[in-house]
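# An overview of the molecular structure
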Amino acid sequence: MDIIDKALQYLLASKVIVFPTETVYGLGADAENIEAVRKVYSIKGRPLSHPVILHLPKVDDLAYWASDIPDEAYKLADIFWPGPLTLVLKKSSNVPDIVTGGQNTVGIRCPSHPVAQEILIAFAKSKNHKKGALAAPSANMFGKISPTCSSHVYNEFNKEYLKEIFVVDGGVSNIGIESTIIDLSGIREGKKASVLRPGHITEMNIAKIIELESKDLSSNSIVVSGSLKSHYATITPLTVIDDTFFSKNLSVFAQKVDRLAVLYYGDKPINVEENIDLYYMSSDPIIYARHLYAMLRKIDSKKYSRIFVKDLPFLAEWDAIRDRLYKAAAGFN
Ligand code: TXA
Ligand code: MG
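Quick caveat: nothing in here was measured; it's all calculated off a predicted structure.

### Some details on the domain arrangement of the protein
- Each assigned domain of the protein is listed here: domain 1 (3–219) and domain 2 (238–330).
- Here the C-alpha centroids of domain 1 and domain 2 sit 30 Å apart.
- In total, domain 1 and domain 2 occlude about 1600 Å² of area from one another, counting both sides; carbon and sulfur atoms represent 58% of this.
- The interface formed by domain 1 and domain 2 includes two salt bridges.

### Description of helix α4 (residues 71–80)
- Among the residues making up α4, those that are buried are Ala73, Leu76, Ala77 and Phe80. Viewed along the axis of α4, the buried residues span an arc of 100°, placing them on a single side of the element. The exposed set on the far side of α4, more than 90 degrees from its buried face, consists of Asp71 and Asp78.
- Against the buried residues of α4 lie α3 (62–65), β5 (85–91), β9 (180–183) and α9 (203–207).

### Observations regarding the UniProt feature "binding site: L-threonine" (unreviewed entry) in the protein
- The UniProt entry lists Thr23, His55, Arg109, Ala136 and Ser179 under the feature "binding site: L-threonine" (unreviewed entry), expressed in the numbering used here. Of the residues just listed, which span 157 residues, no C-alpha pair is farther apart than 12.5 Å, and they cluster in one region.
- By the element assignment, Thr23 lies in the loop between β1 (17–19) and β2 (26–30).
- According to the relative accessible area criterion, Thr23 is buried, its value standing at 3%.
- Sequence-distant contacts of Thr23, defined by excluding residues within four places in its chain, comprise Pro84, Arg109, Thr148, Ser173, Ile175, Gly176, Ile177, Glu178 and Ser179.
- One polar contact links Thr23 to Thr21, side chain to side chain, over a distance of 2.8 Å.
- Structurally, Arg109 can be placed in strand β6 (residues 105–109).
- A residue is classified by how much of its surface remains accessible, and Arg109, at 3% relative accessible area, is buried.
- Among the polar contacts made by the side chain of Arg109, one reaches the side chain of Thr21 at a distance of 2.9 Å.

Cut-offs applied
Residues numbered from 1 in each chain as written. Chains lettered and ligands numbered in written order. Predicted model: local features only at pLDDT ≥ 70, side-chain atom pairs only at ≥ 80, totals over all residues. Heavy atoms only, no water. Domains from an automatic or database assignment. Buried area = accessible area lost by both parts, 1.4 Å probe. Salt bridge = Lys/Arg side-chain N within 4 Å of Asp/Glu carboxyl O. Buried < 20%, exposed > 50% of the residue type's maximum accessible area, 1.4 Å probe, protein only. Helix = DSSP H or I, 4+ residues; strand = E, 2+ residues; numbered from the N terminus. Arc of directions from axis to C-beta. Contact = heavy atoms within 4.5 Å. UniProt positions renumbered as here; feature names shortened; annotations may be inferred. Polar contact = N/O pair within 3.5 Å; in protein donor to acceptor, adjacent residues only side chain to side chain.

And the structure:
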């Protein structure tokens, strides 16, 4: 049977699928089927108060899922959909509370991955009202690293759950980090739009189209603080290290510990101790993002005592990656 038909069969039987998107893989269920969405939360180990994103095939269906939609939503969708941008809007009565964690807003995006598009189109067609959507968080355990290819998923979930899920393989996710999330839900009440999660589509890209809440745009504004919650976490303790540490103190530190992994870009450090394994990343943020999660998974499986990651350039195009790395490090501070 065709994989799209099989995915559809699962969705129509209140079951859960894993499907590829251009950002990361999603764990999806029929958004209007409360029992199916509940399964997504249990498989992921996610608290019911954390909302999940709705995935639609096309912008035309937006008004079925959201209400009081401001023009800004259509302006952004026109440029960035299908693609890695999630819009937070007032929810319509068609969205069950379980999708939004009881909030009156809903996060919606239209993924561009061709396999995601095929599944979403086929699923919407199968509904009487022709407006199906998948409620889908990233296909990883709550708080852990998102999967960027189907093989990551098999290591992620409990075996009993995996038996019940259909995993659709769509190759490696091209973008590699989760979508940019922008909150447009207060625009009708006079609030400006604001970015809730940085991503491949940057604040600057968005600010060219609509007005954004003014914020200190220098990248330092998102630098680690005690209040940062751990997320995107590895099992091995991960620390972001600055240039001085990277170039001067690595070896001193290495003498005190067991095996150490160092993720870096740019010039290779010299005179590295034997217990340090170096992992090279691109100096291009687009390519760095694409490979980051696969690299962290690989390093994490090798049971190092620590992972050190060289801090990133303080430039806006690195904001999304820095956000993920600092949150990965937050649990170990
Ligand atoms: O790229 C992505 O967005 C991926 C792929 C699968 O589409 N999905 C993803 O979902 O990253 P998840 O569940 O791992 O992250 C969704 C984020 C959460 O931080 C959640 O709090 C936020 O979106 N979110 C969802 N609905 C929201 C809402 N109504 N208001 C504010 N934040 C919301
Ligand atoms: Mg996630």
